[in-house]
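Chain and residue survey
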2 protein chains.
Amino acid sequence: MTRLTRLPAWAALEAERQALAGFHLRTAFAADPGRYARFERRLEAGDALLVADFSKHRLEARTLDRLVELADACGLRERIDAMFAGTRINITENRAVLHVALRDLSGRPRQLDGQDVTADVAAVRARQVDLAERIRDSRWRGHTGARITDVVNLGIGGSDLGPQMMTLALAPHHDGPRTWFVSNVDPEHLRSTLARLDPASTLFIVASKTFTTIETMTNARAARDWLLHGLNDPAATAKHFVALSTNAKDVAAFGIAPDNMLPFWDWVGGRYSLWSAIGLPIAIAVGGARFTQMLAGAHAMDEHFRTAPFASNLPVLMALIGLWYVNFWNAGSVSIAPYSQHLSRFAAHLQQLDMESNGKRVNLEGEIVDHATGPVIWGEPGTNGQHAYFQLLQQGPALIPLDFIVAALPVHAEDDAQHRILVANCLAQSATLAVGKTADEAFAEMRAAGKSDADARKLAAHREFPGNRPSTTLLVRRFDPFTMGMLLALYEHKVFAQGAIWNVNSFDQWGVELGKQIATSLQGVLADPQANAETVSQGIVEAWREARQRS
Amino acid sequence: MTRLTRLPAWAALEAERQALAGFHLRTAFAADPGRYARFERRLEAGDALLVADFSKHRLEARTLDRLVELADACGLRERIDAMFAGTRINITENRAVLHVALRDLSGRPRQLDGQDVTADVAAVRARQVDLAERIRDSRWRGHTGARITDVVNLGIGGSDLGPQMMTLALAPHHDGPRTWFVSNVDPEHLRSTLARLDPASTLFIVASKTFTTIETMTNARAARDWLLHGLNDPAATAKHFVALSTNAKDVAAFGIAPDNMLPFWDWVGGRYSLWSAIGLPIAIAVGGARFTQMLAGAHAMDEHFRTAPFASNLPVLMALIGLWYVNFWNAGSVSIAPYSQHLSRFAAHLQQLDMESNGKRVNLEGEIVDHATGPVIWGEPGTNGQHAYFQLLQQGPALIPLDFIVAALPVHAEDDAQHRILVANCLAQSATLAVGKTADEAFAEMRAAGKSDADARKLAAHREFPGNRPSTTLLVRRFDPFTMGMLLALYEHKVFAQGAIWNVNSFDQWGVELGKQIATSLQGVLADPQANAETVSQGIVEAWREARQRS
């Protein structure tokens with residue numbers, strides 16, 4: 001296969017980058033009042049609406065054409081079809097990638113290795129919803145007969161971030177038991193959570209595909225100790241633990257009945273697993289009906305991604321515009337700015353989704369790539385970020401594209417006036433980043449405000465905003481379950497499309513393996529005062545020993 | 001003043017960068033068992049210990065010499081002295097920068113403009129501690145005579161992140177009322193917090209220097225409405241609100257008695273304000289004695305920074321090593337990995353501290369700089385990050401330096417075994433990043449595990465770890481109040497030293513001003529269906545109107 005950077009479409013984009021050397025969003029908008037309309041794209045599905053404002057990017061219409069040509073040249077269409085068809089596109093693990101099957105509620109049959117995936121998915125989903133509803137309406141009770149008031153999810157990575165992010169995002173719809181998420185092997189995480197809970201009314205979900213993840217199983221055992229200490233009966237485990245796993249044997253040995261284990265499949269990657277049984281905490285928090293709406297929203301985006309022409313395909317356009325900055329403008333990171341406090345973990349989830357998928361330096365042929373791949377993803381909710389790091393985005397030397405995410409409507413209608421302040425701030429940041437303020441404007445403002453000529457001149461350089469800083473704004477009607485499904489699937493497919501163009505395997509994560517091996521070895525060293533570590537670690541191990549002894 | 005990039009010391013570092021083109025941490029450690037000892041630096045103060053492992057950096061001893069020469073050439077020593085002397089180093093706002101005075105408990109007099117800063121600071125701190133203790137021991141009661149069980153801090157940026165981060169970091173010492181932090185103007189932030197609280201037992205802290213910050217004042221008014229609706233008496237405000245502000249007039253008009261307003265000073269920047277009255281929530285949560293220990297820890301770091309030779313000066317070395325990657329190795333971001341769940345907001349606080357300080361493109365002379373300045377700061381607590389984005393750090397193409405932060409001892413002695421798993425993971429990541437795994441090693445491992453020659457060969461490229469990825473490990477004895485003061489002051493001075501070398505003003509934040517202006521203008525547009533916005537915003541404003549109407 002031709003190397004990406006040797007494709008004519010790549011060279012055309014390098015030329016386009018040169019052609020846009022003098023481009024500025026300020027002049028682009030001034031010159032063309034129709035610019036917004038030309039770069040707006042939408043997806044409507046039922047009551048939901050998602051508007052993507054791509055007008056505030058370093059793009060002319062021609063640039064988008066060139067980007068789409070690159071996607072075509074890379075065979076993106078075929079890659080999309082291969083994913084939906086269940087091809088084993090995760091080549092290093094020889095697996096299909098079928099999280100889209102988890103949200104296809106149409107009942108359309110789908111075969112994989114002679115198995116009817118659709119039937120399997122529907123059967124587990126029915127069990128999942130049933131389990132959630134039994135916990136919600138107190139048909140499921142604890143060992144002492146108490147209602148379950150608190151559910152603690154024990155999982156890490158995809159078994160934590162996805163369900164946690166989504167449960168929080170849907171907080172206004174939360175009418176089930178309280179949910180808690182304990183992920184870190186730091187014993188303080190579990191301890192500080194359990195300090196507020198009563199064993200009689202607490203249910204634990206152990207979310208680990210293999211049931212061997214060290215953080216999760218360490219916490220699960222500590223949670224079981226706490227429970228049994230509190231209830232004083234070894235049989236209590238059965239009424240206070242469920243498992244999301246495929247390891248039936250170890251689940252049973254832990255004390256969890258087979259009926260209380262929900263399975264999933266090797267074609268569900270961890271970072272895509274909230275759509276599967278791993279989404280149980282979401283279903284417990286908001287109920288099976290809303291969980292299903294979330295799936296339906298994701299499916300609407302799946303269908304759009306699968307069928308829309310690239311020039312109006314939201315995930316493809318987001319992928320191409322992101323790649324435009326990463327590969328042609330040297331952008332190393334993307335900042336995510338959801339203007340919603342309930343989306344405060346959205347960026348953390350996207351960190352895993354994007355960076356674990358495309359943080360790769362080897363292409364499908366095993367060659368080391370000669371271009372940048374997945375950027376760093378980071379961000380905090382607006383308006384908080386404005387008072388923290390937006391200084392750098394506005395006036396630092398680096399180019400950092402942003403995604404703004406905002407809902408037209410507030411959660412509670414009576415909050416409309418305050419919600420408008422939120423929206424105004426969101427739109428103001430994208431406008432400011434794009435247009436900036438010239439030193440002459442800053443000078444004139446300060447003169448008008450009574451500053452001396454000398455002072456105004458001295459300060460103008462510091463109060464200039466360069467502008468021409470790109471952002472996408474994603475405007476939705478409201479953050480309901482359906483819309484959250486759409487929004488997250490949008491990012492999933494963006495990541496897929498970028499990985500396809502970069503020709504990397506977005507579905508493995510070998511980069512986490514070596515650390516696990518070394519950690520196991522170092523655990524042994526730390527447990528034995530006489531043991532030596534590898535040279536690279538020996539010095540800090542000795543410092544650790546010394547720091548402990550002198551306390 | 002000579003431009004930074006024209007200094008001989010800069011050219012020497014460019015040469016050093018070339019000389020290290022073939023450097024690899026794997027071979028550096030293999031060749032020199034004394035490497036750790038050569039690059040370890042420490043600070044001990046009382047019972048506290050902070051060990052910095054700088055051995056896992058692309059450095060030879062000579063490199064550190066060159067970096068220190070750059071600091072000398074930039075007059076860093078004089079800049080440090082100027083800050084401590086109260087010189088108006090914030091030149092664009094004509095202000096001194098004296099947060100170090102807030103934590104100097106020695107009583108040593110310190111004059112600024114004929115005012116005795118030391119006496120002012122001591123007086124306000126005494127009032128702050130007294131207020132905190134009265135709330136903690138229920139001498140302060142609500143309007144109905146109820147004890148205060150919950151304290152809600154209303155502030156944003158520095159008036160939120162600092163106290164929130166530190167209160168959470170000291171959670172194991174938390175023996176006062178529950179504390180909550182509401183920052184976002186998103187009405188859901190306040191609403192979802194208040195849903196759990198009882199007005200009779202809730203106290204609000206309004207933290208806004210000017211008492212005009214739109215987010216904070218909007219939330220303060222909404223909180224007052226909730227309180228008065230609940231208690232049904234306008235006089236209740238006085239017993240349920242205190243202010244951290246300098247605007248006595250507006251504070252009084254809001255209904256807060258002058259005695260219940262704690263002031264601070266224009267030489268306390270927002271991102272350094274948790275050491276001032278803005279730290280009230282910390283004092284309420286953990287008590288005045290622990291708050292004072294935190295100040296003492298910071299002061300210990302201040303004295304180290306002020307007096308230690310650069311070659312053993314922790315903040316200076318962290319600054320120089322950070323700059324080494326930003327300016328000579330093209331690193332655009334730094335990842336912060338505290339191996340402590342209680343430090344889950346540490347990176348968010350550093351985001352503001354660092355990016356708002358050094359996210360500048362203009363130097364003190366008003367010239368646009370020709371080099372990179374402040375990097376993006378981001379991160380999540382370990383071990384969580386390992387299961388999310390460490391894939392990219394280990395195997396992505398980009399160079400992203402990390403700071404690992406870990407305590408030798410657990411909070412609770414009985415958790416020692418589980419805490420060792422946490423420590424082992426932390427040390428394993430830095431080792432893995434440094435040493436990596438060669439394709440040959442990966443191949444041999446897979447062959448040993450029974451893979452065919454062809455399969456092993458195909459997968460080896462994907463399972464190779466390039467290594468040579470740099471990190472600092474900061475090992476402390478434990479995360480107590482004193483140590484947290486040291487640790488945060490370390491980062492503050494790192495940021496100061498980098499800003500001094502880059503010759504930018506680390507203490508202003510003009511980049512937040514324009515967005516505020518435009519937001520105010522857009523609020524008017526959103527409130528009036530007939531109003532037009534500027535061209536850059538008009539399209540998305542219309543989409544917003546449409547999305548609302550069709551609901």
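See the structure above.
Note that the structure is predicted; figures quoted are calculated from it, not measured.

**Looking at the overall build of chain A**
Each helix and strand counted, chain A has 22 helices and 13 strands in total. Whereas a compact globule of 551 residues would reach a radius of gyration of roughly 24 Å, chain A reaches 26 Å, a difference of no more than 12%. Put simply, of all contacts in chain A between residues at least 6 apart along the chain, 74% involve residues at least 24 apart. Between the centroid of the 55 positive side chains of chain A and the centroid of its 59 negative side chains there is a distance of 2 Å.

**Focus on the nonpolar core**
The tendency in soluble globular proteins is for nonpolar side chains to be buried side by side. Core analysis: the biggest nonpolar cluster contains 328 residues, and Trp267, Phe346 and Leu487 of chain A together with Trp267, Phe346 and Leu487 of chain B have the highest contact counts within it. Setting aside residues no more than four positions away along its own chain, leucine 487 of chain A makes contact with Leu50, Leu343, Phe346, Ile405, Leu474 and Phe479 of chain A.

**Quick look at the pattern of salt bridges**
Counted by the stated rule, this structure contains 70 salt bridges over all chains. Residue arginine 457 of chain A pairs with aspartate 453 of chain A through a salt bridge whose shortest N-O separation is 3.4 Å. With arginine 457 of chain A and aspartate 453 of chain A both in helix H19 (residues 453-463) and four residues apart, the pair spans about one turn of that helix. Residue classification places aspartate 453 of chain A among the partly exposed residues on the basis of a relative accessible area of 35%. Close ionic contact of arginine 3 of chain B with glutamate 367 of chain B constitutes a salt bridge, the shortest N to O distance being 3.6 Å. Remark: glutamate 367 of chain B occurs in the loop between helix H16 (346-358) and strand S11 (376-378) and arginine 3 of chain B occurs in the segment before helix H1 (8-19); sequence separation between them is 364 residues. Residue classification places arginine 3 of chain B among the partly exposed positions, given a relative accessible area of 22%. Members of the salt-bridge network, linked through shared partners, are Glu133, Arg136, Asp175 and Arg290 of chain A.

**Brief notes about the interface of chain B and chain A**
Counting residues at the interface gives 136 residues for chain B and 137 residues for chain A. Summing both partners gives a buried area of about 11,800 Å² for chain B against chain A, and 61% of it is carried by carbon and sulfur. On the surface where chain B and chain A come into contact, there are ten salt bridges. In this structure, arginine 191 of chain B engages glutamate 414 of chain A in a salt bridge whose closest nitrogen and oxygen atoms are separated by 3.4 Å. Seen at the junction of chain B and chain A, the total is 57 residue pairs in polar contact (both at pLDDT 80 or more). Partitioning the side of chain B that touches chain A into residue classes produces 56 nonpolar, 49 polar and 31 charged.

**Focus on the environment of alanine 296 of chain B**
Position of alanine 296 of chain B relative to the elements: it lies in helix H14 (residues 288-307). Residues alanine 296 of chain B and leucine 526 of chain B, 230 residues apart in the sequence, show an inter-C-alpha distance of 49 Å.

**Concerning the sheet that holds strand S7 (residues 202-207) of chain A**
Residues and elements named next belong to chain A. Read from one edge of the open sheet, five strands run S6-S5-S7-S8-S9, paired in parallel fashion. In this open sheet, the two strands that pair with only one neighbour each are strand S6 (178-182) and strand S9 (261-262). Across the sheet, helix H9 (residues 214-231) lies against strand S5 (150-154), S6, S7 and strand S8 (241-244), angled at about 160 degrees from S7, the strand it touches most.

**A word on the pairing of strand S12 (residues 402-407) of chain B**
Residues and elements named next belong to chain B. Of all six residues in S12, six are buried, a share of seventy percent or more. When strand S10 (residues 333-338) meets S12, the two strands line up parallel, connected through four bridges. If you follow isoleucine 336 over to S12, its bridge partner there is aspartate 403. Relative to strand S13 (residues 471-476), S12 runs parallel, the two being bridged by six bridges. Bridge pairing links isoleucine 405 to leucine 474 in S13.

**Focus: the relation of the copies chain B and chain A**
You can overlay chain B on chain A at an RMSD of 0.0 Å; the transform is a turn of 180 degrees with a shift of 0.0 Å along its axis. Read as a symmetry element, the transformation amounts to a two-fold axis.

**So, the sheet that holds strand S10 (residues 333-338) of chain A**
All names here are of chain A. Sheet architecture is open: six strands sit in the order S1-S2-S13-S12-S10-S11, paired in mixed fashion. Each having just a single partner strand, strand S1 (40-45) and strand S11 (376-378) make up the two edges of the open sheet. Across this sheet, the average inter-strand angle for adjacent strands is 15 degrees, counted without regard to direction. Packed onto the sheet, helix H17 (residues 416-435) meets strand S12 (402-407) and strand S13 (471-476) and runs at close to 155 degrees relative to S12. Its contacts with the sheet put helix H20 (residues 481-502) on S1, strand S2 (48-53), S10, S12 and S13, and the angle it makes with S2 is roughly 35 degrees.

About the thresholds
- Residues numbered from 1 in each chain as written.
- Chains lettered and ligands numbered in written order.
- Predicted model: local features only at pLDDT ≥ 70, side-chain atom pairs only at ≥ 80, totals over all residues.
- Heavy atoms only, no water.
- Helix = DSSP H or I, 4+ residues; strand = E, 2+ residues; numbered from the N terminus.
- Rg over C-alpha atoms; globule rule 2.2 N^0.38 Å.
- Contact = heavy atoms within 4.5 Å.
- Lys, Arg positive; Asp, Glu negative; His and termini not counted.
- Charge placed at Lys NZ, Arg CZ, Asp CG, Glu CD.
- Core = buried A, V, L, I, M, F, W, Y, C linked by side-chain atoms within 4.5 Å.
- Buried < 20%, exposed > 50% of the residue type's maximum accessible area, 1.4 Å probe, protein only.
- Salt bridge = Lys/Arg side-chain N within 4 Å of Asp/Glu carboxyl O.
- Buried area = accessible area lost by both parts, 1.4 Å probe.
- Polar contact = N/O pair within 3.5 Å; in protein donor to acceptor, adjacent residues only side chain to side chain.
- Nonpolar A, V, L, I, M, F, W, Y, C, P; charged D, E, K, R; others polar.
- Pairing = 2+ DSSP bridges.
- Axes fitted to C-alpha atoms, helices over the stretch in contact; angles between N-to-C directions.
- Least-squares fit on C-alpha atoms with pLDDT ≥ 70 in both.

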